[in-house]
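Observations on the three-dimensional arrangement
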Amino acid sequence: MFVTIDMMKLQNEFIAIEVAEHGAELLSLKRGDTEYIWQGDPLFWGRHAPILFPIVGQVWEGAYRVNGREYHLPQHGFARDRDFEVVEDADAIVMRLESDNRSREVYPYEFVLTARYTLHANVVRCCWTVRNSGAERMYYQIGAHPAFYYRDFDAADKMHGMLTVENLTGSAVKPIIRGVIEGGFRAERERSMKICNIMPLEGRTFDHDALLLEDGQTQVVGLRDKKAREYLRLTSDCQVFGIWSPTGKDAPFVCIEPWMGRCDRVGFDGDISERDFIQQLEPGEERDFVYTIEAI
């Protein structure tokens, strides 16, 4: 195996990736001439695979509270819209974002967020390390939002592809899918449906926004084409998987989103420490969030 890096490109004999300094966002994953990552046509969705930090989803009414003080954050936080510093590494793409005066206005904690991308045969390993560089306990969420092309997409065809779910041992699981409803917030009244481990993805699958697989129900989510041939696997030991494609647009891609966190429930007005699936770090502590993409 050989690895070369040129600016923000990394490749081996199987696959090649490109990563932007803006947001440390994965822009491209190719195996041969085949592109796996959605190329960001704004007609549907102008991003590719953004980092979600320091929150996942939306906070209720755009506001959240830390020790009685109110702060405001946009959906999915600010990391995806900030320029990262490139860290030299011969065998990886590594970038770093640190807290500053701008971040403290909307998020009061001191942090260092490091994004590291490495290649292992036909697998991309995405490792994002959060370190608490402050003097108090830090609360945060982190997640990924990669978008992947459907194979042989045809808007006139109701069927776009198939989704599979497994655990880390390769056994099929039968999760409960819950819709994110009421403006992108988690409703108290669940709209649940049980599915088998192979789910057809159609033009109307996302009429009610994203689908959620909560509470660590699955660790491996795969994509298959309309003939059930697998072409991608995403693996993460995360708390929540979000599955999303733009509502009402019949888009040629689907997002498979591993999260350590989730949007607020409808009407939530508690402290940040009480948010669903909240993470915490003590001063000086750090933790990795990892997901891998296998290009088949």
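To keep things clear, this report deals only with the structure shown in the data block. (Residues numbered from 1 in each chain as written. Predicted model: local features only at pLDDT ≥ 70, side-chain atom pairs only at ≥ 80, totals over all residues. Heavy atoms only, no water.)

With that settled, consider empty space enclosed by the protein. The final tally for this structure, using the stated rule, is one cavity of 30 Å³ or more. Space inside the largest cavity adds up to approximately 70 Å³. Contributing to the lining of the largest cavity are Tyr 150, His 160, Glu 202, Gly 203, Phe 206, Asp 207, Ser 245, Pro 246, Thr 247, Gly 248, Asp 250 and Ala 251. (1 Å grid on protein atoms, 1.4 Å probe; cavity = no way out; pocket = protein on both sides within 12 Å on 5 of 7 lines; lining within 4 Å. Points joined across faces, edges and corners; volume = space filled by probe spheres on them.)

Before going further, it helps to examine the environment of Glu 110. Tracing the chain through its elements places Glu 110 in the loop between helix 1 (101-104) and strand 11 (111-120). Judged by relative accessible area, which is 25%, Glu 110 ranks as partly exposed. In this structure, the C-alpha to C-alpha distance between Glu 110 and Asp 225, residues 115 residues apart in sequence, is 44 Å. Not counting the four nearest positions on each side in its chain, Glu 110 is found in contact with Ser 99, Arg 104, Arg 131, Asn 132, Ser 133, Gly 134 and Met 138. A distance of 3.0 Å separates a polar atom in the side chain of Glu 110 from a polar atom in the side chain of Ser 99. (Helix = DSSP H or I, 4+ residues; strand = E, 2+ residues; numbered from the N terminus. Buried < 20%, exposed > 50% of the residue type's maximum accessible area, 1.4 Å probe, protein only. Contact = heavy atoms within 4.5 Å. Polar contact = N/O pair within 3.5 Å; in protein donor to acceptor, adjacent residues only side chain to side chain.)

If you walk across this open sheet you meet the nine strands as 9-10-11-12-26-22-21-16-19, and the pairing is antiparallel. In this open sheet, the two strands that pair with only one neighbour each are strand 9 (85-87) and strand 19 (198-202). Looking at each pair of strands side by side, their axes are set apart by 20° on average, direction ignored. The pairing of strand 16 (residues 159-166) with strand 21 (residues 220-224) spans five bridges and is classified as antiparallel. (Pairing = 2+ DSSP bridges. Axes fitted to C-alpha atoms, helices over the stretch in contact; angles between N-to-C directions.)

The next subject is the layout of surface pockets. What the largest pocket holds in volume is close to 290 Å³. If you trace the largest pocket, you find 17 residues lining it, with Gln 75, His 76, Asp 209, Ala 210 and Trp 244 closest to the centre. Its residues assigned to classes, the lining of the largest pocket shows seven nonpolar, seven polar and three charged. (Nonpolar A, V, L, I, M, F, W, Y, C, P; charged D, E, K, R; others polar.)

A word on the side chain of Thr 218. Relative to the elements of secondary structure, Thr 218 occurs in the loop between strand 20 (211-213) and strand 21. Looking at Thr 218, the relative accessible area reads 1%, which means it is buried. At 3.3 Å, the side chain of Thr 218 forms a polar contact with the backbone oxygen of Val 220.

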